[in-house]
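The primary structure of each chain is shown beneath.
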Amino acid sequence: MKKPLPLFRQLDSIIAAILGFYLVQALTRHGGIGVSPDSIMYTSVARNLTQGNGFLQFDANPLTMFPVAFPYFLHIIMTISGKDIIPIAPIVTGLLFAATILLAGFIIEKAVPKYRIIKIIALMLIITNPALLEVFSMLWSETLFIFLITLFSAFLVLYLKNNTFTLLIISAIIAGIAAITRYAGITVIASGCFITFFAIPQNWKVKWIHTLLFGCISSSFLIINLLSNFLQSGYLTGKRLPADTSLLDNLQLYGSVITGWIGNDSPPLWLALLMGLLLIVASVIFLLFNVFSKNKSPITIVSITAASFLSIYVLFILVSSTLSNYDDINNRLLSPVVIAFFTLLSIIAAKVLENKSAQFRLNIALFFILSLLALTGNLTSDKTSLQNNQDAGIGGYAEDYWKDSEILHFLKTSAFADTSKIPIYSNDNAAIYYFTGKHAKTLPELTHERELDVFVQSPAIYVIWLNSGANPDLIEDKELKTIKNCKPVFTFADGIIYECTPIQPPILENQDTLK
């Protein structure tokens, strides 16, 4: 019997990729690509690069909080297309999602070659996964990051099969670019080093050479980026605040997100915590079992690749979110491990179905029931997201609310911001730049004492307060009025423009007057 042509074997992946692209277009049809403060930062840097101004943000500060690859990628797209990135972003992120799905299909095909039904179900769970659809409908660096991780995994699978320097170097370059797309990409480098040292069946000398070569090439990208950040700002990755969540809280959040991917959006706290612990332990044990297995079959190779990245990335997120303050662990933070997670589930499902014992039929029934529950949960969540997006646009700055903003319309159409002779601050300077093209400084964070002192001692300033731009890390409206004399200059339904001056200290009476 003739084997099917390679293209025909990937027909299911091609169909899944087309569906994934369509879903991104459907989610962004009403208001365009989702835009957050991160998106505005990336966009402003890409625009500055296109205009020849280098890696500068909209506030004229050098880019350090985020690495350089994603804004540069957007700059390349803008240069090739001759268009601004915002209107064409749904096409760009949709194509990245489609390419990610094709690569995922290739990897899962290697993992479960005998069970096409498992591959098809895994692809269905991937293209409907709420985390991936949320990410790829936004202008976030995770879109490129997830694609690079999947591309890295595909090349690493080929490398583990063939052990050639060419595949090793390509894998290292991809890992290096991933590390300057998101700083969490250091986990891709760590995964590659772990795999090249422990997984290749070579002598110790070859292991050391391959590992050092991979590590040096891949880490050079990040080292150059971090060194540039430090020389420009004095910080390696921008200012970071201490964490405000414990390790147990983060474990519970991790378990809660993962259970959402398999059909349970709101598990009890105890179940989420238990799931988080079990998943970490299980992924590490599964990884070690396959690393030390003498049989380096294609299934074992894919198992090592997926389990190593899943384990290292999740441990990195848990530790870093316990030490440093950023968003709570959510779909966005964990989206990079979706492909690895469903790849491992596919491998486990194949092993269960291979065990043709007396419970074989029961195993098949359980497999299809669990798959159906997970897919139903995904489709329910996706339907809600699609309905919400069609009604009011994607949450963030793509929402319809912003189109009717009185204060932003005033700023855009008046000469107030252009003719002001005193500094202008705002609690949401990203929104002001994005919707009006005008510039304002951000209000200082309460924990940044030096910046707060400068703000308090500054002479007359304007503060543009957007009601929808509340940020608990910044000075709030009530606090502003306790450290400054603030009087409204313009009042709108959705915000106020204040003129603020220093609070005058009490005047002491002259001693001669007291006599």
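Just so it is clear, the model here is predicted, and its values are computed rather than measured.

What counts, and where the lines are drawn
Residues numbered from 1 in each chain as written. Predicted model: local features only at pLDDT ≥ 70, side-chain atom pairs only at ≥ 80, totals over all residues. Heavy atoms only, no water. Axes fitted to C-alpha atoms, helices over the stretch in contact; angles between N-to-C directions. Helix = DSSP H or I, 4+ residues; strand = E, 2+ residues; numbered from the N terminus. Parallel < 35°, antiparallel > 145°, perpendicular 65-115°, else oblique. Contact = heavy atoms within 4.5 Å. Nonpolar A, V, L, I, M, F, W, Y, C, P; charged D, E, K, R; others polar. Pairing = 2+ DSSP bridges. Patch = residues over 30% accessible without salt bridge, like charges linked within 9 Å, V, L, I, M, F, W, Y side chains within 5 Å. Areas by Shrake-Rupley, 256 points an atom, 1.4 Å probe, with all protein chains shown as cover. Salt bridge = Lys/Arg side-chain N within 4 Å of Asp/Glu carboxyl O. Lys, Arg positive; Asp, Glu negative; His and termini not counted. Charge placed at Lys NZ, Arg CZ, Asp CG, Glu CD. Buried < 20%, exposed > 50% of the residue type's maximum accessible area, 1.4 Å probe, protein only. Disulfide = S-S within 2.5 Å.

## Observations regarding the packing of helix H12 (residues 247-261) against helix H13 (residues 269-291)
And step 1. At a minimum axis distance of 7 Å, the contact between H12 and H13 shows a crossing angle of 90°. Comparing the axis directions of H12 and H13 gives the class roughly perpendicular. Along the contact surface, H12 presents Leu248, Leu251, Gln252, Tyr254, Gly255, Ser256, Ile258 and Thr259, while H13 presents Leu269, Ala272, Leu273, Met275, Gly276, Leu277, Leu279 and Ile280.
And step 2. Split by residue class, the contact of H12 with H13 holds 11 nonpolar, 5 polar and no charged.

## Some remarks on the sheet that holds strand S2 (residues 441-442)
And step 1. Spatially, S2-S1-S3-S5-S4 is the arrangement adopted by the 5 strands of the open sheet, whose pairing is mixed. Because the sheet does not close on itself, it has two edges, and the strands there are S2 and strand S4 (484-492).
And step 2. Pairing geometry for strand S3 (residues 461-466) and strand S5 (residues 495-502), over 6 bridges, is antiparallel. Within S5, the position partnered with tyrosine 462 by the bridge is glutamate 499.
And step 3. Where helix H20 (residues 429-436) meets the sheet, its contacts fall on strand S1 (424-426), S2 and S3, and the angle it forms with S3 comes to roughly 85°.

## Things to note about a negative patch on the surface
And step 1. Taken together, the side chains of Asp244, Asp249, Asp327, Asp328 and Asp473 present a region of like negative charge at the surface.
And step 2. The residue aspartate 249 is located in helix H12 in this model.

## Structural notes on the side chain of threonine 305
And step 1. Counting through the fold element by element, threonine 305 comes out in helix H14 (residues 298-323).
And step 2. Look at threonine 305 and you get buried, because its relative accessible area is 4%.
And step 3. Each residue touching threonine 305, except ones within four places of it in the same chain, is listed here: Ser153, Leu156, Val157, Leu160 and Ile195.

## Focus: the state of the cysteines
And step 1. Counted under the stated rule, the structure contains 1 disulfide.
And step 2. Between the sulfur of cysteine 486 and that of cysteine 500 lies a disulfide, 2.4 Å long from S to S. Across the S-S bond linking cysteine 486 and cysteine 500, the dihedral sits near 110°, which makes this disulfide right-handed. One end of the pair, cysteine 486, is in strand S4; the other, cysteine 500, is in strand S5, and 14 residues separate them in sequence.
And step 3. Taking the relative accessible area as the measure of exposure, cysteine 500 reaches 0% and is therefore buried.
And step 4. Left without a disulfide partner, cysteine 193 is nearest to the cysteine sulfur of cysteine 216, which lies 8.7 Å away.

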